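Here are the chains, one letter per residue:
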Amino acid sequence: MFRLKIFFMSLLFLPSAFSLECPSGKKVEEIALDMIKAELSGVQLEEMENSKCLEQKHFPHLLIVKDPSNEVSKPTLGYVSDIKDIKIKKVETIDPTVHSYKAYFEAKYSKIKDGKPAVLTDSITFFLYKDAPNQSIYGCGGVTQHASKILLFKKCK
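Residues numbered from 1 in each chain as written. Predicted model: local features only at pLDDT ≥ 70, side-chain atom pairs only at ≥ 80, totals over all residues. Heavy atoms only, no water.

## Looking at the nonpolar core
Formed by 36 residues in total, the largest nonpolar core has its most connected members in Ile 124 and Phe 126. Of all the secondary-structure elements, those providing two or more residues to this core are helix 2 (28-40), strand 1 (76-80), strand 3 (100-111), strand 4 (117-128) and strand 6 (150-153). The biggest single contributor to this core is helix 2, with seven residues. Apart from residues no more than four positions distant in its own chain, Phe 126 is found in contact with Val 28, Ala 32, Met 35, His 99, Ser 100, Tyr 101, Ala 103, Gly 142, Val 143 and Thr 144. (Core = buried A, V, L, I, M, F, W, Y, C linked by side-chain atoms within 4.5 Å. Buried < 20%, exposed > 50% of the residue type's maximum accessible area, 1.4 Å probe, protein only. Helix = DSSP H or I, 4+ residues; strand = E, 2+ residues; numbered from the N terminus. Contact = heavy atoms within 4.5 Å.)

Below, the structure is given as structure tokens:
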């Protein structure tokens, strides 16, 4: 009987174990970098749907949702070695009332065609969740416009 009570008590706390968080001190640039990390992990690629790179445990501040039916098929341009190869150049506020932003970034990568190093400048558009209930379900925010070119972490290919 005691074990049964413990089991039911643990079910009460189960949803909170899977909730996401968005630290209050996290800067918009840091959140943008988290979203770019998801892009580089293959969130736009249909073949990455079950990839270990997109496992939720790697993204404690973002909900990773993969819906291949909504993705536009684009070729992968190249491979990024590490998140350190990404530099946020500028973050613009698009609409402060809905916490919408556009982050411009630069990525150092190696081309798929010949392996030569290259640099890409691109952007993502995203919004932030500012209330605790949505943050616990969805994390810090979500991408509304993906990067125009697809790069992938080398470890995810």
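## A short note on the state of the cysteines
The final tally for this structure, using the stated rule, is two disulfides. Note that Cys 22 is cross-linked by a disulfide to Cys 140, the S-S spacing being 2.1 Å. On the sign convention where negative is left-handed, the bridge of Cys 22 and Cys 140, at about 110° about the S-S bond, is right-handed. Placement of Cys 22 in the loop between helix 1 (2-17) and helix 2 and of Cys 140 in the loop between helix 3 (132-138) and strand 5 (141-145) is noted, with a sequence separation of 118 residues between them. Taking the relative accessible area as the measure of exposure, Cys 140 reaches 1% and is therefore buried. Disulfide pairing places Cys 53 opposite Cys 156 at an S-S distance of 2.1 Å. A torsion of -110° about the S-S bond marks the disulfide between Cys 53 and Cys 156 as left-handed. Residue Cys 53 is located in the loop between helix 2 and strand 1, and its partner Cys 156 is located in the segment after strand 6; the two are separated by 103 residues in the primary sequence. (Disulfide = S-S within 2.5 Å.)

## A word on the packing of aromatic side chains
Applying the stated criterion across every chain, the model contains three aromatic pairs. Centroid distance Phe 127 to Tyr 129: 5.0 Å. Interplanar angle 80°. Geometry classified as edge-to-face. Tyr 129 gets classed as buried once you look at its relative accessible area, which sits at 19%. Both rings, one in Tyr 129 and one in Tyr 138, keep their centres 5.2 Å apart while their planes meet at 20°; by these two values the pair is stacked. In this structure Tyr 138 comes out as partly exposed when scored by relative accessible area, which is 33%. (Phe/Tyr/Trp six-rings, centres within 6.5 Å; stacked < 30°, edge-to-face > 60°.)

## Observations regarding empty space enclosed by the protein
On inspection of all chains with the given rule, the structure shows one cavity of 30 Å³ or more. Computed from the structure, the largest cavity encloses a volume of approximately 80 Å³. Of all elements in the fold, only helix 2 and strand 6 reach the threshold of two or more residues within the lining of the largest cavity. Per-element tally for the lining of the largest cavity: the top contributor is helix 2, with three residues. When its residues are assigned to classes, the lining of the largest cavity shows seven nonpolar, one polar and two charged. (1 Å grid on protein atoms, 1.4 Å probe; cavity = no way out; pocket = protein on both sides within 12 Å on 5 of 7 lines; lining within 4 Å. Points joined across faces, edges and corners; volume = space filled by probe spheres on them. Nonpolar A, V, L, I, M, F, W, Y, C, P; charged D, E, K, R; others polar.)

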